[in-house]
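# Analysis of the macromolecular model
Spelled out from the first residue to the last, the chains are:
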Amino acid sequence: MSTARGVRARARIEVTAAIKDEARRQLAAEGAAKLSLRAVARELGMVSSALYRYFASRDDLLTALIIDAYDSLGEAAEAAHAKAAEESPAGQWVAVCEGMREWALGRPHEYALIYGSPVPGYTAPDATIPAASRVGQVLIRIVRDAHQAGGVAGRELPAGLRSEARRMAEDFAPDLPPEVVAGLVAAWAQLFGLVNFEVFGQFNKVVENREAFFRDAAHGVARHVGLAGVLRAE
């Protein structure tokens, strides 16, 4: 009996992976808004009723794809951080940013799913939050380590932002000063804005050497966050 269950479990894993792979192909060809369980089933030679045993709805399939994409991006950021562990905090920051960019350029349709236009009629459930937070947690870890070592130069915030900065600190990193957390949130938005511009073609006929441009911009964001130390060599 246990052998039969194991065979069925492996078969389910394989079919689930095939469904996701076909859905990703549809994302690349048609975009997330046109993702269809019936179309996925047709391409796999399955009847729709069989596919619904794996994903109850299009939204369930989208959620699985979104979690996979966030996890894959998070793994890329974590790997870049581990590889740069011996560098300065600023060097680690830039390495992680470059890892994020490389992932996004290599998997633009998955990047678009998580950082592009919202899918009409779809609201991401709370189940996506842990995966979505992985990149942010890597960046927070770098700044936290630098702060504990006395290497973060916080800046004074305007009076109108202080209460909001305190709220963000309580929500995301209560062990860091509010002014540092406010800088982190701004940095997160700037970094993904840079990646968005490149992935979605906004730098066409504007920036030619995009790798060097991004690296310099990531250096600038690191300074804005308050990271001290020698940046990674060019």
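Residues numbered from 1 in each chain as written. Predicted model: local features only at pLDDT ≥ 70, side-chain atom pairs only at ≥ 80, totals over all residues. Heavy atoms only, no water.

What follows covers the UniProt feature "domain: HTH tetR-type" (unreviewed entry) in the protein. According to UniProt, the feature "domain: HTH tetR-type" (unreviewed entry) maps to residues 13-73 in the numbering used here. Within residues 13-73, the helical portion is 75% and the strand portion 0%, while the C-alpha atoms at the span's ends are 22 Å from each other. (UniProt positions renumbered as here; feature names shortened; annotations may be inferred. Helix = DSSP H or I, 4+ residues; strand = E, 2+ residues; numbered from the N terminus.)

It is worth spelling out unusual backbone geometry at this point. Not every positive phi belongs to a glycine, and Lys-205 is a case in point at roughly 65 degrees. On the secondary structure map, Lys-205 appears in the loop between α10 (178-199) and α11 (210-225).

Take the packing of helix α5 (residues 89-106) against α10 next. Two elements in contact, α5 and α10, have axes whose closest approach is 10 Å; the angle formed by their N-to-C orientations is 35 degrees. In terms of crossing hand, the pair formed by α5 and α10 is right-handed. On α10, the residues that touch Trp-93, Cys-97, Met-100, Arg-101, Ala-104 and Leu-105 of α5 are Leu-184, Ala-187, Leu-191, Phe-192, Val-195, Glu-198 and Val-199. Among the residues forming the contact of α5 with α10, the class breakdown is eleven nonpolar, no polar and two charged. (Axes fitted to C-alpha atoms, helices over the stretch in contact; angles between N-to-C directions. Left-handed = near helix turned anticlockwise from the far one by under 90°. Contact = heavy atoms within 4.5 Å. Nonpolar A, V, L, I, M, F, W, Y, C, P; charged D, E, K, R; others polar.)

A few words now on the nonpolar core. Trp-93, Val-143 and Leu-227 are the most contacted members of the largest nonpolar core, which totals 67 residues. Looking at which element gives the most residues to this core, the answer is α10, with ten residues. Each residue touching Val-143, except ones within four places of it in the same chain, is listed here: Trp-93, Val-152, Leu-176, Val-180, Leu-184, Val-225 and Leu-227. (Core = buried A, V, L, I, M, F, W, Y, C linked by side-chain atoms within 4.5 Å. Buried < 20%, exposed > 50% of the residue type's maximum accessible area, 1.4 Å probe, protein only.)

This paragraph deals with the packing of aromatic side chains. This structure, assessed with the given rule, holds eight aromatic pairs. Summarising the aromatic geometry, the rings of Trp-188 and Phe-192 are spaced 5.8 Å apart at their centres and angled 65 degrees between planes, so their arrangement reads as edge-to-face. With Trp-188 and Phe-192 both in helix α10 and four residues apart, this pair spans about one turn of that helix. On the basis of relative accessible area, Trp-188 is assigned to the partly exposed category, the value being 38%. The buried category is assigned to Phe-192, whose relative accessible area is 6%. Put simply, the rings of Tyr-70, Tyr-111, Tyr-115, Trp-188, Phe-192 and Phe-200 pair up and form one aromatic cluster. (Phe/Tyr/Trp six-rings, centres within 6.5 Å; stacked < 30°, edge-to-face > 60°.)

Here we take up the confidence of the model for the protein. Where the model shows low pLDDT, its predicted coordinates should not be examined in detail. Overall, the predicted model of the protein reaches an average pLDDT of 91, with 94% of residues at or above 70. Low pLDDT, under 50, characterises residues 230-234; the predicted model gives this stretch 16 contacts beyond four residues in sequence or across chains. (pLDDT = per-residue confidence, 0-100.)

Residue position: His-81 is located in helix α4 (residues 58-83). What makes His-81 buried here is its relative accessible area of 11%. In this structure, His-81 is in contact with Gln-92, Val-96, Val-138, Arg-141 and Ile-142, ignoring residues within four places of it in sequence.

Under the defined criterion, the tally for this structure stands at 16 salt bridges. Two residues, Asp-68 and Arg-24, come together in a salt bridge whose shortest N-O distance is 2.9 Å. One end of the pair, Asp-68, is in helix α4; the other, Arg-24, is in helix α1 (residues 2-30), and 44 residues separate them in sequence. The shortest N-O distance in the salt bridge between Arg-58 and Asp-59 comes to 2.8 Å. The partly exposed category is assigned to Asp-59, whose relative accessible area is 27%. One salt-bridge network, held together by shared partners, links Lys-20, Asp-21, Arg-24, Asp-68, Arg-107 and Glu-110. (Salt bridge = Lys/Arg side-chain N within 4 Å of Asp/Glu carboxyl O.)

According to UniProt, the "DNA-binding region" (unreviewed entry) feature falls on residues 36-55. With 60% helix and 0% strand, residues 36-55 has end C-alpha atoms that lie 12 Å from one another.

So, about helix α8 (residues 134-148). The terminal C-alpha atoms of α8 lie 21 Å apart, and with 15 residues this matches the ideal 21 Å at 1.5 Å per residue to within 8%. Every buried residue of α8 is accounted for by Arg-134, Val-135, Val-138, Leu-139, Ile-140, Ile-142, Val-143 and Ala-146. Lining the buried residues of α8 we find α4, α5, α7 (129-132), α9 (159-172), α10 and α11. Remark: Gly-150 follows α8 within two positions and exhibits a positive phi of approximately 80 degrees. (Expected span 1.5 Å × (residues − 1).)

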